Amino acid sequence: MLPGPVNAPPAGGVVEWLLGLGEPSVTLKLRTRVLGLDEASPESRELQLRVKESPRVRALLAERTADGTIPYHPYTKWYGAHWVLATLADIGYPPGDTSLLPLRDQVYAWLLGPAHRRSIREIDGRVRRCASQEGNALFASLALGLADERADTLAERLVRWQWPDGGWNCDRRPEARHSSFMETLIPLRALARHARATGNRASEAAAARAVEVFLKRRLFRRRRDGAVIDEEFTRLHYPCYWRYDILFALKVMAEAGFIGDPRCQEALDLLESKRLAGGGFPAEGRFWRLTQRRTSGRELVDWGPTGRTRPNPWVTVDALYVLRAAGRVLALGQG
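Before going further, it helps to examine the overall build of the protein chain. A tally of regular secondary structure across the protein chain gives 14 helices and four strands. Taken over the C-alpha trace, the protein chain has a radius of gyration of 19 Å; the compact-globule value for 335 residues is 20 Å, and the two agree within 12%. When burial is assessed residue by residue, the protein chain has 58% of its 335 residues classed as buried. Of the contacts made within the protein chain by residues no fewer than 6 positions apart, 69% connect residues no fewer than 24 positions apart. Summed over all atoms, the accessible surface of the protein chain reaches about 13,900 Å², with 49% contributed by carbon and sulfur.

In this section: the environment of Arg-289. Position of Arg-289 relative to the elements: it lies in strand β3 (residues 289-290). On the basis of relative accessible area, Arg-289 is assigned to the partly exposed category, the value being 42%. Residues Arg-289 and Lys-29 lie 260 residues apart in sequence; the distance between their C-alpha atoms is 24 Å. Residues within four places of Arg-289 in sequence aside, it is in contact with Thr-295, Ser-296, Gly-297, Arg-298 and Glu-299.

This next bit is on helix α14 (residues 313-325). Look at α14: 18 Å from first C-alpha to last across 13 residues, which is about the 18 Å you get at 1.5 Å a residue. Counting buried residues in α14 gives 11 out of 13 residues, a clear majority hidden from the surface. Summarising the contacts, the buried residues of α14 are in contact with α1 (14-20), α2 (24-34), α4 (55-60), α12 (246-256) and α13 (265-273). One side-chain oxygen at the N-terminal end of α14 lies 3.0 Å from the backbone nitrogen of Trp-314; it belongs to Asn-312. Trailing α14 by a residue or two, Gly-327 shows a phi angle of about 80°, which is positive.

Attention now goes to the packing of aromatic side chains. The description of two aromatic rings rests on the distance between their centres and on the angle between their planes. According to the stated counting rule, one finds 13 aromatic pairs in the structure shown. Measuring from ring centre to ring centre gives 5.7 Å for Phe-181 and Phe-233, while their planes differ by 10°; the resulting arrangement is stacked. With Phe-181 in helix α10 (residues 181-198) and Phe-233 in the loop between α11 (201-215) and α12, this pair connects stretches of sequence that are 52 residues apart. Both residues of the pair, Phe-181 and Phe-233, belong to the buried class. Residue class for Phe-181 comes out buried when judged on its relative accessible area of 8%. Members of the aromatic cluster, each reached through a chain of ring pairs, are Tyr-75, Trp-78, Trp-83, Trp-110 and Tyr-241. Its guanidinium or amino end placed over the ring of Tyr-321, Arg-33 lies 4.2 Å from that ring's centre, counting from NZ or CZ. Here Arg-298 stacks its cationic end above the ring of Tyr-79, 4.4 Å away from the centre of that ring.

Let us now look at the state of the cysteines. If you walk through the whole model with that rule in mind, you get zero disulfides. No disulfide involves Cys-240; its sulfur sits 16 Å from that of Cys-264, the nearest cysteine. On the accessibility criterion, Cys-240 (7% relative accessible area) is buried. Residue classification places Cys-264 among the buried positions, given a relative accessible area of 0%.

The axes of two packed helices give the description: the angle between them and the distance between them. Two numbers describe how helix α5 (residues 81-91) lies on helix α8 (residues 131-143): the axes approach to 9 Å, and their chain directions differ by 50°. With respect to α8, the axis of α5 lies oblique. You can see that α5 and α8 cross each other, and the crossing is left-handed. Within the contact between the two elements, α5 uses His-82, Trp-83, Leu-85, Ala-86 and Ala-89 and α8 uses Gln-133, Asn-136, Ala-137, Phe-139, Ala-140 and Ala-143.

Where α10 meets α12, the closest approach of the two axes is 10 Å, and the angle between their N-to-C directions is 15°. When the axes of α10 and α12 are compared, the pair comes out roughly parallel. Pair α10 / α12 crosses with left-handed handedness. Seen from α10, the contacting residues are Leu-185, Ile-186, Leu-188, Arg-189, Ala-192 and Arg-196; seen from α12, they are Phe-248, Ala-249, Lys-251, Val-252, Met-253, Glu-255 and Ala-256. Counted by class, the contact of α10 with α12 contains nine nonpolar, no polar and four charged residues.

Here is what the cut-offs are and how they apply
What you see as residue numbers is a count from 1 along each chain, following the sequence as written. This being a predicted model, a pLDDT of at least 70 is required before a residue's local features are given, and a value of 80 or more before pairs of side-chain atoms are given or counted; all residues contribute to the totals for chains, interfaces and linings. Hydrogens and waters are ignored; side-chain quantities use all the structure's heavy atoms. A run of H or I in DSSP becomes a helix once it reaches four residues, and a run of E becomes a strand once it reaches two; helices and strands are each numbered from the N terminus. Put simply, the radius of gyration uses C-alpha atoms, and a globule should come to 2.2 Å times the residue count raised to 0.38. For every residue, the accessible area (1.4 Å probe, protein chains only) is compared with the maximum for its type, and the residue is labelled buried under 20%, exposed over 50%, or partly exposed between those bounds. By definition, residues are in contact when any of their heavy atoms lie within 4.5 Å. Each accessible area is a Shrake-Rupley result for a 1.4 Å probe, and residues are judged covered by the shown protein chains and nothing else. The span expected for a helix works out to 1.5 Å for each residue beyond the first. Polar contact criterion, stated in full: a pair of N or O atoms within 3.5 Å, where within protein one must be able to donate a hydrogen and the other to accept it, and residues adjacent in sequence count only if both atoms are side-chain atoms. Each aromatic pair joins two rings of Phe, Tyr and Trp (for Trp, the six-membered one) with centres within 6.5 Å, and gets the label stacked for planes under 30 degrees apart, edge-to-face for over 60, and tilted for any other angle. Distance and angle both matter: a charge sits over a ring if NZ of Lys or CZ of Arg is within 6 Å of the ring centre and within 35 degrees of the ring normal. The rule for a disulfide is simple: a pair of cysteine sulfur atoms within 2.5 Å. Here an angle of 0 to 180 degrees is reported between the N-to-C directions of two axes, which are lines fitted to C-alpha atoms, with helices fitted over the stretch in contact. For classification purposes, angles smaller than 35 degrees are called roughly parallel, those larger than 145 roughly antiparallel, those between 65 and 115 roughly perpendicular, and all remaining angles oblique. In a left-handed crossing the near helix is turned counterclockwise from the far helix by less than a right angle, and in a right-handed crossing that turn is clockwise. Any residue outside Ala, Val, Leu, Ile, Met, Phe, Trp, Tyr, Cys, Pro, Asp, Glu, Lys and Arg is labelled polar, Gly included; the first ten of those are nonpolar and the last four are charged.

Okay, here's the thing in structure tokens:
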């Protein structure tokens, strides 16, 4: 397993601190998403190759067998093929690597196979599905340049399964009438990307409907009384996997083109309030365990420190991206 980066409160600017870590995935995000490097530039492509060749990525892919697959169910948390591809997509692994096709095919075989189809239930006029599964698979396929006609099938399913309020939910109780934040954010991310990549109008319309699930609630508040839906939503994490927090939500809003909506402002204020004195942002919780044991929630790499007083590199670079995308001026040179 790969140890995490050495982290200390940055004495200088947050940019210098992040670059000084020497972590390719952080450097790539910082240079392209925060500092404005063209993602199609030769320098950006070189940074992507560094991500691919990094010890972190080698660790994530270390359990592949001779045929290129990972010998567990694709959904095994967090080291099955489904999660490995989703992680690679998020950290900037270069698109078009055919060595990942066996992992993609593992995921497609699971989600498009007969057993999975039989598990899909429509109850009281609503399809009850963990749509984050199809969403992550679609997003990873597109981001990694591995999409084929089966990716379009995943998008079509998500559109077909969308609930009347714009989202998705796997709750099988007939009285469950509202979409789930956790099952809606990732499909929104995937369908918005599918619409951009293919021009698919159905995906575009579905994403526009899904975003209202969050914006109507200012990303973390109940509509009926304005109370915080879940305190965990207001804490920062990386990775989120299938879970929800305001940073992940704001990142999706930025990617999908909705970060300028005024209903994002309170969540942006809350995020900005969490900035530490040195300029970084903390991971206030985590959903992973670094362990040799093959157990649910096992991670193959360390995603940095957790706690309210220490900056986490991946949380920091995502927070800077979101705040930049929202037009909020940040002092990046000095913390």
